[in-house]
Amino acid sequence: MTALNFKNKTQNQQLQSQKKEDFLVIDGVNKIYPTAEGPYTVLDDINLKVREGEFICLIGHSGCGKSTLLNMVSGFNKPTNGVVWLQGQPITEPGPDRMMVFQNYCLLPWLNVFDNVYLAVDSVFPRKSQAEKRAIVREHLAMVGLTEAAEKKPSQISGGMKQRVAIARALAIRPQLLILDEPFGALDAITKEELQEELLQIWSEHQVTVLMITHDIDEALFLADKLVMMTNGPAANIGEVLEIPFSRPRNRRRIMENPEYYNLRNYALDFLYRRCAHLEE
Ligand SMILES: Nc1ncnc2c1ncn2[C@@H]1O[C@H](COP(=O)(O)OP(=O)(O)OP(=O)(O)O)[C@@H](O)[C@H]1O
């Protein structure tokens with residue numbers, strides 16, 4: 001290899017690794033809503049870098065602006081100042097490279113499980129044959145264990161199953177970024193734990209980058225690589241980012257036996273309930 005080729009190869013590797021480091025960049029973002037009482041600053045100077053393939057959880061008191069922030073990443077809402085970059089491109093509108101999953105599932109009640117997923121696949125891959133699209137739907141329903149429920153309507157399945165459909169639908173269109181807004185908030189504890197484990201499995205297999213809002217510190221410590229802790233609004237920002245060091249694949253019992261788990265948990269609780277306590281608390 002010539003010296004020039006070697007230099008080019010090294011530069012290329014550096015570029016690739018920089019692209020992975022700066023997969024998602026939230027750069028000096030703030031959000032101000034006009035209200036009858038005057039401008040209301042919800043978020044002030046938010047800066048965050050997310051690596052490709054990272055699992056990020058976002059925590060903060062109700063109303064601090066977590067959904068507002070994720071809506072700016074999804075493209076449904078625009079920053080007043082600053083830019084959100086995805087792979088070097090500014091986000092200006094929603095796109096199939098970013099899929100959102102909400103607490104309330106958002107399934108179409110008149111379509112069965114299969115067709116709820118098919119509709120999304122069809123709208124994003126109109127050029128694929130029907131057979132290919134049906135295969136994608138089947139693959140993703142199987143991934144969340146819903147092959148048997150394909151013909152059922154949303155009203156005929158449980159909350160956990162509905163959330164599995166929503167996750168399958170989001171992943172079926174192969175997003176680069178999966179955005180989850182309190183996805184397990186409405187589920188009972190056992191279903192929630194099952195779905196957390198499935199989500200981790202899917203995340204590691206699909207190598208998708210995840211941004212997830214949660215109110216549950218234990219959930220964040222089990223799932224995330226980093227826990228982004230937001231200060232209270234108005235003019236909320238990122239107070240601290242906690243690195244979660246547990247090795248993967250994660251085992252809930254082993255994590256809970258680790259003294260570091262309780263250190264991190266107490267640290268996050270202290271941040272939320274002492275350093276960022278609501279005045280009325
Ligand atoms: N269109 C709007 N106009 C004015 N204020 C708004 C608008 N949308 C949201 N807000 C305000 O912005 C703040 C942040 O709302 P947001 O839903 O992002 O908070 P959150 O942290 O996700 O809350 P929760 O945890 O309760 O879901 C709230 O005070 C909310 O009332």
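Right, let's walk through the structure included here.

Procedures and definitions
- Residues numbered from 1 in each chain as written.
- Predicted model: local features only at pLDDT ≥ 70, side-chain atom pairs only at ≥ 80, totals over all residues.
- Heavy atoms only, no water.
- Salt bridge = Lys/Arg side-chain N within 4 Å of Asp/Glu carboxyl O.
- Helix = DSSP H or I, 4+ residues; strand = E, 2+ residues; numbered from the N terminus.
- 1 Å grid on protein atoms, 1.4 Å probe; cavity = no way out; pocket = protein on both sides within 12 Å on 5 of 7 lines; lining within 4 Å.
- Points joined across faces, edges and corners; volume = space filled by probe spheres on them.
- Nonpolar A, V, L, I, M, F, W, Y, C, P; charged D, E, K, R; others polar.
- Domains from an automatic or database assignment.
- Near = heavy atom within 4 Å.
- Polar contact = N/O pair within 3.5 Å; in protein donor to acceptor, adjacent residues only side chain to side chain.
- Areas by Shrake-Rupley, 256 points an atom, 1.4 Å probe, with all protein chains shown as cover.
- Buried < 20%, exposed > 50% of the residue type's maximum accessible area, 1.4 Å probe, protein only.
- Pairing = 2+ DSSP bridges.

The next point concerns the pattern of salt bridges. As enumerated under the stated definition, the model contains 16 salt bridges in all. Salt-bridge contacts for Arg174 lead to Glu139; the nearest nitrogen and oxygen are separated by 3.4 Å. With a gap of 35 residues between them, Arg174 in the loop between helix H5 (159-172) and strand S7 (177-181) and Glu139 in helix H4 (residues 130-143) connect regions that are remote in the sequence. The residue Arg248 makes a salt bridge to Asp225 at a minimum N-O spacing of 2.9 Å. A residue pair is termed long-range when its members are at least 10 positions apart, and Arg248 in the loop between strand S10 (238-243) and helix H8 (252-256) and Asp225 in the loop between helix H7 (217-223) and strand S9 (226-230) qualify at 23 residues. A network of salt bridges, in which partner residues are shared, links Arg164, Glu194 and Glu198.

What follows concerns the layout of surface pockets. The volume enclosed by the largest pocket comes to roughly 300 Å³. Considering the residues around the largest pocket, the lining is formed by 18 residues, among which Phe76, Met99, Met100, Phe102 and Arg169 are closest to the centre. For the lining of the largest pocket, the elements supplying multiple residues, two or more each, are strand S6 (98-102), helix H3 (113-124) and H5. No other element matches S6, which puts 5 residues into the lining of the largest pocket. Of the residues assigned to the lining of the largest pocket, the class counts are 13 nonpolar, 3 polar and 2 charged. The two domains that each donate at least three residues to the lining of the largest pocket are domain 1 (52-76 + 87-97 + 177-281) and domain 2 (107-174).

With that settled, the discussion passes to the site of the ligand. Taken together, Tyr33, Tyr40, Val42, His61, Ser62, Gly63, Cys64, Gly65, Lys66, Ser67, Thr68 and His215 make up all the residues around the ligand. One nitrogen or oxygen atom from the main chain of Gly63 is found 2.8 Å from an oxygen atom belonging to the ligand. The separation between an oxygen atom of the ligand and a polar side-chain atom of Thr68 is 2.5 Å. Against a free-state accessible area of 640 Å², the protein chains account for coverage of 61% of the ligand. Only strand S2 (38-50) and helix H2 (66-74) provide two or more residues apiece to the shell around the ligand.

Let us look at unusual backbone geometry. That bond from Gly233 to Pro234 is cis: its omega, -5°, falls within 30 degrees of zero. Along the chain, Pro234 turns up in the loop between S9 and S10. Here the amide bond leading from Arg248 into Pro249 is cis, since omega sits at 0°, within 30 degrees of zero. By the secondary structure assignment, Pro249 is in the loop between S10 and H8. Even without a glycine there, the phi angle at Arg174 is positive, about 55°. Here Arg174 falls in the partly exposed class, since its relative accessible area comes to 44%. For Ala235, which is not glycine, the phi dihedral falls at a positive 60°.

Regular strands have side chains that alternate between both faces of the sheet. Across 5 bridges, strand S1 (residues 24-35) lies against strand S4 (residues 81-86) in antiparallel orientation. Bridging from a neighbouring strand, Asp27 pairs with Val83 of S4. In the sheet, S4 pairs with strand S5 (residues 89-90) via 2 bridges, with the strands oriented antiparallel. Opposite Leu86, over in S5, you have Gln89 as the bridge partner.

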